[in-house]
Every structure is written in structure tokens, then in C-alpha cells.
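# Tertiary structure, described
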Amino acid sequence: MPRWECDIEGDERQFDRVEELIIHQSVEHDRIECKVCGAVVPDGYFAIKHAFDEHSRAEYVRAYDASAAEVRRREQIKESVEAAANMSEVIDRLEGGEA
């Protein structure tokens, strides 16, 4: 049973493997601009990773008018993905055009 749902702009597509989800988000959805620094990144996991690796919680809250619950939810998503994903596979597939 699939357990990884895209959930970008109502996209309810589900995936058995988190790697497939990350590739889907990177290839099938538009890139977005970070409201903190202006960097353009793929939406979904990579946007969350950028926000929490590059910026403080306070910067994120101010830029996105996010609640503590929204911040916690995104932190949990990041942790879950990173615990399950083979990021080397994801990067290799995205860089090699095998997405």
C-alpha cells in the first residue's frame, strides 16, 4: 500500500517509494522561490530541506507567516523523508536524466 503522498497543490498522487515521490516533485511540479532568500528550488521535499537547512525557524515563520504547528509538520516531513530515502539514488537519477 502506498504511503508517500505528494500533496503539492492538492496533488494526491501516492508512491510506494519515497525516492519516487521526491523525483516526482522535482520533475512534475514547478520550482518555487524561497521567500527568505529568493533561491529557486523544486517544490516539496527540496523546498522544505532548503528552508530548514539554510534558514532559522524564526526566518521561516516571518517569511511564510507560519504557525508553530506548520513548522513542526514540515520538520517532521523532512525527518521522515531523510530517514527513509536513498538520496544518492535520487540525485543520480535527477542528474542523469533518468527521472
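Rules used in this analysis
Residues numbered from 1 in each chain as written. Predicted model: local features only at pLDDT ≥ 70, side-chain atom pairs only at ≥ 80, totals over all residues. Heavy atoms only, no water. Helix = DSSP H or I, 4+ residues; strand = E, 2+ residues; numbered from the N terminus. Polar contact = N/O pair within 3.5 Å; in protein donor to acceptor, adjacent residues only side chain to side chain.

### Considerations on unusual backbone geometry
The phi dihedral of Asp7 falls on the positive side, at around 65 degrees, and the residue is not glycine. Note that Asp7 resides in the loop between strand 1 (4-5) and strand 2 (14-15). A positive phi angle, close to 50 degrees, is found at Glu9, a residue other than glycine. Along the chain, the position of Glu9 falls in the loop between strand 1 and strand 2.

### Digging into helix 5 (residues 87-96)
Of the residues that open helix 5, the one with a side-chain oxygen 3.2 Å from the backbone nitrogen of Ser88 is Asn86. Just downstream of helix 5, Gly97 is the residue with a positive phi angle, here 75 degrees.

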